[in-house]
Structure formats: structure tokens, C-alpha cells
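# A structural walkthrough
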Amino acid sequence: ATCGDTSHIASELAAQSRDEPLRQLLEDRAVSYRGAARTLRASGATVAPEDTSASLSIDREADLADIESVWEAVECSALICFRDALDADLPAELQHAVRGWIEEGVSALERLRSLPAD
């Protein structure tokens, strides 16, 4: 559910962004989280319909600084969930995937912080 929610938020924020590098980062992250969700579903993980991201809403009037701040908080929350998942009794291939998603998320945060300020 976290991956689906995070992908949805990234897509919504990307649609709001007028800054091309930020929009591209958010679109990349949306694709990455959709891939993580597919991997988890293929492993047997399921999501109850009430847990889907369809109920999320994003402030359509957010300015660029707000988009960056919102995304940073969302990405950090997802990384915390991945970190917590490492404590679970996951199969080795999922442990490896989760570690990769954490590394990818940290790199994405570094990329976000290095975007030029307008």
C-alpha cells in the first residue's frame, strides 16, 4: 500500500510542477514505486481495497517549494517503511529488493536536494 500511495503522490506532484527537473524526478520516482508495488504483489503481498491511494488528495495550489517539501516528507516516510520491512522475516530476494529501494530512495533525496533553486 505504501508503494502505491507513494507512486500516486509522486504522479500528482509531478503534474503540479512547472519545474522540468523536479517533474522528471517525481515521474521517475512514481515509476520506481509502481515497480516496487508490482514486485511485492508478485511475491504474494496483497492490499485491501480501502488501503489504496485513490483516497489521497494533494493541494493543487502548492507552489514549487511546497512540492519539494511534500515530496521529501513522503519519500522519507516510504524509506522508513522499507527500513522497518527489513526487520520482517522476508525471503532473501525481497530483503535484497528492499535494500535496493532504500538505496534508490536515498539517492533520489540527494537528487532532490541538488536541484537548482528558482
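Preceding block: the structure.
Residues numbered from 1 in each chain as written. Predicted model: local features only at pLDDT ≥ 70, side-chain atom pairs only at ≥ 80, totals over all residues. Heavy atoms only, no water.

### Structural notes on the nonpolar core
Nonpolar side chains in soluble globular proteins tend to be buried together. Counting residues in each nonpolar core, the largest one holds 27 residues, and the members touching the most others are L22, L26, W71, F82 and L112. Elements that contribute at least two residues to this core include exactly helix 1 (2-16), helix 2 (20-42), helix 3 (64-85) and helix 4 (92-113). When near neighbours in sequence (up to four residues on either side) are disregarded, L26 contacts A10, L13, A14, I67 and W71. (Core = buried A, V, L, I, M, F, W, Y, C linked by side-chain atoms within 4.5 Å. Buried < 20%, exposed > 50% of the residue type's maximum accessible area, 1.4 Å probe, protein only. Helix = DSSP H or I, 4+ residues; strand = E, 2+ residues; numbered from the N terminus. Contact = heavy atoms within 4.5 Å.)

### What about the side chain of E75?
Structurally, E75 is set in helix 3. Discounting chain neighbours no more than four positions away, the residues touching E75 are R29, Y33, G105, A108 and L109.

### A few points about empty space enclosed by the protein
With a probe scaled to a water molecule rolled over the atoms, the places where space remains empty come into view. Per the stated rule, a full pass over the model turns up 1 cavity of 30 Å³ or more. Of the pockets and cavities examined, the largest cavity occupies roughly 30 Å³. Around the largest cavity sit R29, S32, Y33, A36, F82, W101 and E104, which together line it. Listing elements by their share of the lining of the largest cavity, those giving two or more residues are helix 2 and helix 4. Sort the elements by how many residues they give to the lining of the largest cavity and helix 2 lands first, with 4 residues. Taken together, the residues of the lining of the largest cavity break down into 4 nonpolar, 1 polar and 2 charged. (1 Å grid on protein atoms, 1.4 Å probe; cavity = no way out; pocket = protein on both sides within 12 Å on 5 of 7 lines; lining within 4 Å. Points joined across faces, edges and corners; volume = space filled by probe spheres on them. Nonpolar A, V, L, I, M, F, W, Y, C, P; charged D, E, K, R; others polar.)

### So, the packing of aromatic side chains
Tallied over the full model, the rule gives 3 aromatic pairs. The interplanar angle of 75 degrees and the centroid separation of 6.4 Å between the aromatic rings of Y33 and W71 together place this pair among those described as edge-to-face. Remark: W71 occurs in helix 3 and Y33 occurs in helix 2; sequence separation between them is 38 residues. According to the relative accessible area criterion, W71 is buried, its value standing at 1%. Ring geometry for Y33 and F82: centres 6.1 Å apart, planes at 5 degrees, overall stacked. With Y33 in helix 2 and F82 in helix 3, this residue pair connects regions lying 49 residues apart in the sequence. Here Y33 and F82 have matching classes, each one buried. (Phe/Tyr/Trp six-rings, centres within 6.5 Å; stacked < 30°, edge-to-face > 60°.)

### Re the pattern of salt bridges
Here the idea is simple: oppositely charged side chains can pair when their charged atoms come close. Taken as a whole and judged by the stated rule, the model has 6 salt bridges. The salt bridge partner of R29 is E104, with a shortest N-O separation of 2.8 Å. Here E104 lies in helix 4 and R29 lies in helix 2, a separation of 75 residues in the sequence. Residue class for R29 comes out buried when judged on its relative accessible area of 4%. For E104, a relative accessible area of 35% corresponds to the partly exposed category. Each of R29, E75 and E104 takes part in a single network of salt bridges with overlapping partners. (Salt bridge = Lys/Arg side-chain N within 4 Å of Asp/Glu carboxyl O.)

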